[in-house]
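Geometric and topological summary
Letter by letter, the chains look like this.
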Amino acid sequence: MAYPRATWVASEFPHRRDRWTTHAVIQALAWAAAVSGQIVEGVPTVGVGGRSLSIAGGMLPESTVWSSLERLREREGSPLLLIERGVDQNPDRYALVPAPEAQTAATAPDPGSEVMEVESVQPAWSIIGWRHRIL
């Protein structure tokens, strides 16, 4: 089963070379939200800095993380919503909202379905190549 945010990245950026790093940034945010975030009105929120996302994203360059976050914040229908801009040493706070295709699906969750685990991105992918993560 694919992560809803992963399918959003694949559908929104099918021919961009940076779609793999964009997916890694969203996965790092999801992992940070699962580990240390909060649930506000049913939506996962997290305050995390760029350096932490860089490490959780599999040792992505920090500049890549910031450019991906900027592109995601500006994209209409993005599953990433900036809810509070960081000041000084306080990080930006983000909400991970359902992707538009997840909102249109009016199916109730199956009570017997498993809870998905979210992990940080293995740093080995920075050596192997981000595009090979699809395998």
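The structure reproduced in this document is the subject of the present report.

Looking now at the overall build of the protein chain. Looking only at helices and strands, the protein chain features 6 helices and 4 strands. Walking the protein chain from its N terminus toward its C terminus, one meets helices and strands in the order α-α-β-β-α-α-β-β-α-α. By residue count, 33% of the 135 residues in the protein chain fall in the buried class. Of the contacts made within the protein chain by residues no fewer than 6 positions apart, 61% connect residues no fewer than 24 positions apart. Here the protein chain has roughly 8700 Å² of accessible surface; of this, 54% comes from carbon and sulfur atoms.

Within this structure, the stated rule accounts for 5 salt bridges. Between Arg16 and Asp18 there is a salt bridge, with its nearest N and O atoms 2.9 Å apart. Owing to a relative accessible area of 36%, Arg16 belongs among the partly exposed residues under this scheme. Taken together, the salt bridges that share partners define one network made up of Arg16, Asp18 and Arg71.

So, about the sheet that holds strand S2 (residues 43–47). Remark on secondary structure: sheet strands pair via backbone hydrogen bonds, oriented parallel or antiparallel. The antiparallel open sheet is built from 4 strands, whose spatial order is S1-S2-S4-S3. Here the strands that pair on one side only, and so sit at the sheet edges, are strand S1 (38–40) and strand S3 (80–84). Across this sheet, the average inter-strand angle for adjacent strands is 35°, counted without regard to direction. In this structure, S1 lies alongside S2, joined through 3 bridges in antiparallel fashion. Each residue of the ladder has a partner; that of Val40, found in S2, is Val43. Running over the sheet, helix H2 (residues 19–36) touches S1, S2, S3 and strand S4 (93–96) and is turned about 95° from S2.

Considering the arrangement of structural elements, one finds Arg85 in the loop between S3 and S4. Once the C-alpha coordinates of Arg85 and Gly47 are considered, the two residues, 38 residues apart in sequence, prove to be 9.6 Å apart. Every residue in contact with Arg85, bar those within four places of it in the chain, is listed here: Arg73 and Asp92.

Turning next to helix H4 (residues 62–74). Structural remark: α-helix, 3.6 residues per turn; residues separated by three or four positions point the same way. The terminal C-alpha atoms of H4, which comprises 13 residues, lie 19 Å apart, in line with the 18 Å expected from a rise of 1.5 Å per residue. Turning to H4, its buried residues are Val65, Ser68, Leu69, Arg71 and Leu72. Looking down the long axis of H4, one finds its buried residues gathered within 165° of arc, a one-sided arrangement. In H4, those exposed residues whose orientation departs by more than 90 degrees from the buried face are Ser63 and Glu74.

Turning to the environment of Ile26, a few remarks are in order. Within the secondary structure, Ile26 sits in helix H2. For the pair Ile26 and Val9, spaced 17 residues apart in the sequence, the C-alpha separation amounts to 8.8 Å.

On to the nonpolar core, then. Ranked by size, the top nonpolar core spans 25 residues in total, and within it Trp8, Leu29, Leu53, Leu69 and Leu80 carry the most contacts. Within the residue set of this core, elements represented by two or more residues are helix H1 (4–12), H2, helix H3 (50–56), H4 and S4. At 8 residues, the largest contribution of residues to this core is made by H2. With near-sequence residues (within four places) excluded, Leu80 lies in contact with Leu29, Leu69, Leu72, Tyr94, Ala95, Leu96 and Val97.

Conventions we followed
- Residues numbered from 1 in each chain as written.
- Predicted model: local features only at pLDDT ≥ 70, side-chain atom pairs only at ≥ 80, totals over all residues.
- Heavy atoms only, no water.
- Helix = DSSP H or I, 4+ residues; strand = E, 2+ residues; numbered from the N terminus.
- Buried < 20%, exposed > 50% of the residue type's maximum accessible area, 1.4 Å probe, protein only.
- Contact = heavy atoms within 4.5 Å.
- Areas by Shrake-Rupley, 256 points an atom, 1.4 Å probe, with all protein chains shown as cover.
- Salt bridge = Lys/Arg side-chain N within 4 Å of Asp/Glu carboxyl O.
- Pairing = 2+ DSSP bridges.
- Axes fitted to C-alpha atoms, helices over the stretch in contact; angles between N-to-C directions.
- Expected span 1.5 Å × (residues − 1).
- Arc of directions from axis to C-beta.
- Core = buried A, V, L, I, M, F, W, Y, C linked by side-chain atoms within 4.5 Å.

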